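Spelled out from the first residue to the last, the chains are:
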Amino acid sequence: YCTNGDGQITHVRLRIAALSGTLPSLLGQMSAIVTFIISGNNIGGTIPTEVGAWTSITQFAVFDNALSGTLPTEIGTWT
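Keep in mind that what you see is a predicted model, and the values were worked out from it rather than measured. Along every chain, residues carry numbers that run from 1 in the direction the sequence is written. For a predicted model such as this one, the threshold for reporting local features is a pLDDT of at least 70, and the threshold for listing and counting side-chain atom pairs is 80 or more; totals across whole chains, interfaces and linings nevertheless cover every residue. By convention in this description, side-chain values take in all heavy atoms of the structure and omit both hydrogens and water.

Take the nonpolar core next. For this analysis, a nonpolar core means a set of buried residues of the types Ala, Val, Leu, Ile, Met, Phe, Trp, Tyr and Cys, connected via side-chain atoms within 4.5 Å. Partly exposed describes any residue whose relative accessible area lies between the buried limit of under 20% and the exposed limit of over 50%, with all areas from a 1.4 Å probe on protein chains only and scaled to the type maximum. Core analysis: the biggest nonpolar cluster contains 15 residues, and Phe36 and Trp54 have the highest contact counts within it. Ignoring any residue separated from it by four or fewer positions in sequence, one finds Trp54 in contact with Leu27, Gly28, Met30, Ile33, Phe36, Phe60 and Trp78. Pairs of residues are marked as contacts when any of their non-hydrogen atoms sit within 4.5 Å.

Written out as C-alpha cells, the structure reads:
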C-alpha cells in the first residue's frame, strides 16, 4: 500500500499469500519501499541485487520460501 502521498509503494506485506515464481529485478525501482515482507510463500530463485538500491527499507523478511543462493552484497548498504 502507499503512504507517502506520491503514490509510490512504501509497504509490501504478502505473508502466507500462496505466491510462487521469482523476484524480478524491477523491485529495485521501488525507491520508497520501507517494508517488504513476503515470508511463507513459494518464491524461488535468488534475491535480485537491485534491491540494494532501496534506501528507506526498515523491514525485510523473505524467510520460509524456496529462495536459493546468497544474499546480495548490495544490501550491505542498508542501515
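What follows is about unusual backbone geometry. The backbone phi angle of Ala18 is positive, close to 60°, even though this residue is not glycine. By definition, any uninterrupted DSSP run of H or I lasting at least four residues is a helix, any uninterrupted run of E lasting at least two residues is a strand, and each is numbered from the N terminus. Within the secondary structure layout, Ala18 lies in the loop between strand 1 (11-13) and strand 2 (20-22). Since its relative accessible area comes to 74%, Ala18 is described here as exposed. Even without a glycine there, the phi angle at Asp64 is positive, about 60°. Note on placement: Asp64 falls in the loop between strand 5 (59-61) and strand 6 (66-67).

Another point: the sheet that holds strand 3 (residues 35-37). Spatial strand order, 1-3-5: three strands in an open sheet with parallel pairing. Looking at which strands have only one partner, the edges of the open sheet turn out to be strand 1 and strand 5. Each neighbouring strand pair of the sheet contributes to a mean axis angle of 15°, computed without reference to strand direction. Any two strands between which DSSP finds at least two bridges are classified as paired. Of the pairings in the sheet, the one linking strand 3 to strand 5 comprises three bridges and is parallel in character. Bridge pairing in strand 5 places Thr35 opposite Gln59. Under this scheme, a helix contributes an axis fitted over its contacting stretch, all axes are lines through C-alpha atoms, and angles between N-to-C directions fall in the 0 to 180 degree range.

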